[in-house]
Amino acid sequence: MVSDRKSPLFRGIILLLLGAMLLGLTGCEKTREEKALCLGVDVAKYQGTVNWEKVASAGAKFAMVRLGYRTARDGAIVEDSNARYNLQEGSKAGIPMGGYFFSTAVTAEEAEEEAIWVADLAAKYPITYPIVYDCEGFTQENSRQKDLTKAQRTDIALVFLKAIKKLGYTPMFYGSKSELENSWETGRIEKHYKIWVAQYPDLPYPQTYASSYQGKHQMWQFSQTATVSGVSQPVDMNLAYFGYNGIELAKDSEPPAEVGPDPEALMAFTETEETVTA
């Protein structure tokens, strides 16, 4: 873990503390988490240009946006080409936003690097829902992580989650039901952090009222082929067992530059760096 006072993580924590002091001086309070049943979507560039006003009108209570990923072969960190647009437009539509990062980290240092990168991107946007560690495809032959043990993978995930919490966001861990049961030391994770489980029953929610996953979890991804007004492609649907009493302010008071959607997001490129499992 980086502890140098010149490190980005240390500077991020100092900025967070200063922000908290300013909030206290101005009488502002951080949004509070509440027990609730909230339906939401999660999106990446594969959903194309989302009409977030229509998504809000369709009843989405939150949205999880893919912020970026680390590639499976060479370990480069890449921003999702529609991440900023989705955060910008979803926020304008009044939807509480969260985010996730697709990790292939193989060391604690890489996991912390990912957390700092994510927090830097997210800082200019009102992130209310958790920031999520998403790690999949780690047994595939082309994965950088294929030689890691279950314990090593879990250690790396915990570094990311701990760093995200220190940087002022709510951490969450994503995994399919089968992977949570077999591929992670999930008990170590759920002891401290929220769990988002993916399981797709033949009949989605509300016909199937809950996931059959028996472990602790605070969010359930129950479909990956949902149809939602404002989204031209099939989209993941989620049920969160919590909500918030408002929308969190951006941590950076300087507004982000206005961005447009990625016009090439749905063009047919060969891409083998990511695998989604459930």
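Residues numbered from 1 in each chain as written. Predicted model: local features only at pLDDT ≥ 70, side-chain atom pairs only at ≥ 80, totals over all residues. Heavy atoms only, no water.

**Some words on helix α5 (residues 150-166)**
In step 1: Relative to the 24 Å expected for 17 residues at 1.5 Å per residue, α5 spans 25 Å between its end C-alpha atoms, a close match to the ideal helical length.
In step 2: Of the residues making up α5, those classed as buried are R153, T154, I156, A157, L158, V159, F160, L161, A163 and I164.
In step 3: Of the residues flanking the end of α5, it is G168, one or two places downstream, whose phi is positive at about 100°. (Helix = DSSP H or I, 4+ residues; strand = E, 2+ residues; numbered from the N terminus. Expected span 1.5 Å × (residues − 1). Buried < 20%, exposed > 50% of the residue type's maximum accessible area, 1.4 Å probe, protein only.)

**Side note on the packing of aromatic side chains**
In step 1: One pass over the structure, following the stated rule, counts 16 aromatic pairs.
In step 2: On the basis of an interplanar angle of 15° and a centroid distance of 4.6 Å, the ring pair of F62 and Y129 is categorised as stacked. Here Y129 lies in strand β5 (residues 127-134) and F62 lies in strand β2 (residues 62-70), a separation of 67 residues in the sequence. As far as burial versus exposure is concerned, F62 and Y129 are alike and both buried.
In step 3: Between Y205 and F222, the ring centres sit 5.7 Å apart and the planes meet at 45°, which makes this aromatic pair tilted. (Phe/Tyr/Trp six-rings, centres within 6.5 Å; stacked < 30°, edge-to-face > 60°.)

**Considering the pairing of strand β9 (residues 235-244)**
In step 1: For β9, the buried fraction is high: nine of the 10 residues fall into the buried class.
In step 2: Examined bridge by bridge, strand β1 (residues 33-43) and β9 share eight bridges and lie antiparallel to one another. The residue bridging C38 from the neighbouring strand is A240, located in β9.
In step 3: Where strand β8 (residues 219-226) meets β9, five bridges bridge the pair, whose relative direction is antiparallel. Paired with W220 across the strands is L239, a residue of β9. (Pairing = 2+ DSSP bridges.)

**As for the pairing of strand β6 (residues 171-176)**
In step 1: Of all six residues in β6, six are buried; the element is thus mostly enclosed.
In step 2: Burial along β6 is two-sided: P171, F173 and G175 and M172, Y174 and S176, pointing in opposite directions, are all buried.
In step 3: Both β5 and β6 contribute to a ladder of four bridges, which runs parallel. Within the sheet, the bridge partner assigned to I131 lies in β6 and is P171.
In step 4: In this view, the connection linking β5 to its parallel neighbour β6 by way of α5 has right-handed handedness.
In step 5: Pairing analysis gives five bridges linking β6 to strand β7 (residues 194-198), with the strands arranged parallel. If you follow F173 over to β7, its bridge partner there is I195. (Right-handed = clockwise from strand over helix to strand, strands pointing away.)

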